[in-house]
Amino acid sequence: MTNYHSSVSRRDFMKAMGLVGAGMGAATAVTPAFRDLDELTASTDLSVYKKWWIKENDFGQLTTEVDWKVFNSFDTAKHPMPVMFGPTANGAMSAKNLANRKKRQTDGMLNKWPGSTLRDLALDGATGGNYPSIPWNGPNVSTPEGRGVPRWEGTPEDNTIMCKAASHFYGAPRCGAIEVDDKVKKFFNTSVVWEDTDTAYTTSDGKQHVPNKCKWILTWLTKQNHAMNKYTLRNNPDDPWYNTVFRQGKAGENQAYSHAPQIQYQVMGFLKGLGYQAIKATASGNTQFGVWSGLCESGRTTYALSPDYGLMVRYIDFCITDLPLAPTKPINAGLSVFCKNCMTCAKVCPSNTISLEKEPSWDTKDPGNNPGLKTWYLNWTTCAEYGGPFDCVNCQTVCPFSHDNDKSAIHNIIRGTVGTTHLFDGFFANMEKFWGYNTQLSDQVHTDWWYRDLETWEHDTLLGFGTKGW
Ligand code: SF4
Ligand code: SF4
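Residues numbered from 1 in each chain as written. Chains lettered and ligands numbered in written order. Predicted model: local features only at pLDDT ≥ 70, side-chain atom pairs only at ≥ 80, totals over all residues. Heavy atoms only, no water.

The name recorded for the chain in an unreviewed UniProt entry is Reductive dehalogenase, from Dehalococcoides mccartyi. One UniProt comment on the chain, placed under Subcellular location (unreviewed entry), says "Cell membrane". The record held by UniProt for the chain lists under Cofactor (unreviewed entry) the comment "corrinoid". (UniProt positions renumbered as here; feature names shortened; annotations may be inferred.)

Colleague: Before we move on, can you summarise the sheet that holds strand 6 (residues 208-211) with the specific residues and values?
Modeller: Strand order across the open sheet formed by 3 strands is 4-6-5, with mixed pairing between neighbours. Bordering the open sheet on either side are strand 4 (192-195) and strand 5 (201-202), each of which pairs with just one other strand. Across 2 bridges, the pairing between strand 5 and strand 6 is antiparallel. Its bridge partner being in strand 6, Tyr201 is matched across the sheet by His209. (Pairing = 2+ DSSP bridges. Helix = DSSP H or I, 4+ residues; strand = E, 2+ residues; numbered from the N terminus.)

Colleague: An account of the site of ligand 2 is needed here, citing residue identities and associated values.
Modeller: Around ligand 2 sit Arg300, Phe338, Cys339, Cys342, Met343, Thr344, Cys345, Cys399, Pro400 and Phe401, and that is every residue in its neighbourhood. Counting only elements with at least two residues in the shell around ligand 2, the list comes to helix 13 (335-342) and helix 14 (344-347). Per-element tally for the shell around ligand 2: the top contributor is helix 13, with 3 residues. (Near = heavy atom within 4 Å.)

Colleague: If you had to explain the pairing of strand 4 to someone new, which residues and values would you point to?
Modeller: With burial as the criterion, only one face of strand 4 is covered, namely that bearing Val192 and Trp194; the residues Val193 and Glu195 on the opposite face remain uncovered. Examined bridge by bridge, strand 4 and strand 6 share 4 bridges and lie parallel to one another. Paired with Val192 across the strands is Gln208, a residue of strand 6. (Buried < 20%, exposed > 50% of the residue type's maximum accessible area, 1.4 Å probe, protein only.)

Colleague: How would you explain the site of ligand 1 if you had to name every residue and give the values?
Modeller: In the vicinity of ligand 1, the residues found are Cys349, Pro350, Ser351, Thr353, Ile354, Cys383, Cys392, Asn394 and Cys395. Across the shell around ligand 1, the residue classes break down as 6 nonpolar, 3 polar and no charged. (Nonpolar A, V, L, I, M, F, W, Y, C, P; charged D, E, K, R; others polar.)

Colleague: Could you give an account of the confidence of the model for the chain, naming the residues involved and the relevant values?
Modeller: Here the chain shows a mean pLDDT of 86. Residues at 70 or above account for 85%. Note on residues 1-6: pLDDT is under 50 here. Beyond four places in sequence and across chains, it has 8 contacts. Within the model, pLDDT remains below 50 along residues 22-43, and this stretch shows 26 contacts once partners closer than five positions in the same chain are excluded. (pLDDT = per-residue confidence, 0-100. Contact = heavy atoms within 4.5 Å.)

Colleague: Go over the nonpolar core, please, and point to the residues and values.
Modeller: Core analysis: the biggest nonpolar cluster contains 51 residues, and Phe188, Val210, Ile217, Phe289, Ile316 and Ile320 have the highest contact counts within it. If sequence neighbours within four positions are ignored, Ile217 has contacts with Gly176, Ala177, Ile178, Val180, Val184, Phe188, Phe289, Phe318, Cys319, Ile320 and Leu325. Grouped together as the second largest cluster of nonpolar side chains are 19 residues, Met162, Met268, Ala278 and Cys319 included. (Core = buried A, V, L, I, M, F, W, Y, C linked by side-chain atoms within 4.5 Å.)

Colleague: Residue-level account of helix 11 (residues 247-274), with values.
Modeller: Over its 28 residues, helix 11 runs 41 Å from end to end, which matches the ideal 40 Å to within 8%, given 1.5 Å per residue. Most of helix 11 is tucked away, with 20 of its 28 residues classed as buried. Once helix 11 ends, the next one or two residues include Gly275, with phi positive near 105 degrees. (Expected span 1.5 Å × (residues − 1).)

Colleague: Give a description of the packing of aromatic side chains that names residues and reports values.
Modeller: Across all of its chains, the model carries 15 aromatic pairs by this definition. For the pair Trp68 and Trp292, a centre-to-centre distance of 5.9 Å together with 85 degrees between the ring planes defines the contact as edge-to-face. Taken together, the residues Trp68 in the loop between strand 2 (65-66) and helix 5 (95-111) and Trp292 in helix 12 (residues 287-293) connect sequence positions 224 residues apart. In this structure an aromatic cluster arises from ring pairing among Trp68, Phe71, Phe187, Phe188, Trp194, Phe289, Trp292 and Phe318. One cation-aromatic arrangement involves Arg247 over Phe390; the distance from NZ or CZ to the ring centre is 3.9 Å. Directly above the aromatic system of Phe59 lies the positively charged group of Lys329, at a separation of 5.7 Å from the ring centroid. (Phe/Tyr/Trp six-rings, centres within 6.5 Å; stacked < 30°, edge-to-face > 60°. Lys NZ or Arg CZ within 6 Å of the ring centre and 35° of its normal.)

As structure tokens, this is what we get:
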């Protein structure tokens, strides 16, 4: 830490935080419940985050600018996305990169390279595809009708609180709610049709028909295992497979892909069990649901950037319902402004997919982009050609907000400061490199994972426990 004292004086730091005279104790205690009565009043159980530096904006006031005359429902015919997922499904990937992937994996197993051994690949391989198939209008569960009782009735406020409580139990740390209007309808693909009908149905032309009376959307976040994700990074120039990934670490991401549908199945089943509809209509993107309902902002990578979890969000999930919900407000935690100076993700991107421009722009970069946002559009094609995200996850791993407090409480100070002032954004972005988040782990660390102390290791998802475990 002493390396940084010369760059920003304690007084400057405290002054910018409005804490001059409060003592350093106040500066380090950046998680007071409330600073004043306004914050106390503004904070209700409907808030997605209860941290004073995360401000709630008015409904519809996003930290990403939208030109609603240009922004429209995503049309897959107009905006083809490169195929990006799975070990063999990556149609955009060059034959050379595909052959390299196979050689890299075989080399790792035969040479027993820590992080790439057979047991590492087996660990990763077992995490994929471990999830239920969910009908788009929710799973079959016991309904009030079947039970011979009236459906659940509650106020919109209490319903949102109830859904947050249930989805947290199912495994989603954050949950929000949206009231559907004409702008929100644009979050769905052109294949989604809203009409006056009682129940959702599909037609042979591929259209999904959604009842207009389903006026709310429940949103939730599935977290990705940040501790495991650190084991993916392979960017040591001396490594023969520089700028690819270790499958050992990718097990964390794959496991999140298995967790997300399990949570979705249970949340949708819960809504139906209350006697309401739960509809997962098609939307090619998911970040917009999180931004609108206050689960995240959209930063330089354009996917969900959470104040707590950074880019360690597998995705934002959602379902449309006729259960009346009190909507949650969009947030401003200073993240998208921080991204202007940070650029850490862009600098480690091996395919130049992520913009290095300081300011976001209205200009799209790839046919797969949906225009109408002032953002840092990604070039999806170059990412897919490189093999990302299957063979690269650098951007997610290095984001300063993707890490918890396991090395120092500094991260809560950073989060609190970024939400208060942007004077130190560049300083913090550089300082994060000090912690080594963008440095490949040693062979020993990869091997040691297999011998970690299971009594004290806090980062596995153990089923049957509460949040704490023991
Ligand atoms: S996955 Fe890799 S190639 Fe794709 S955008 Fe992220 S850093 Fe770039
Ligand atoms: S790494 Fe930096 S620029 Fe990229 S999303 Fe995270 S905060 Fe923003």
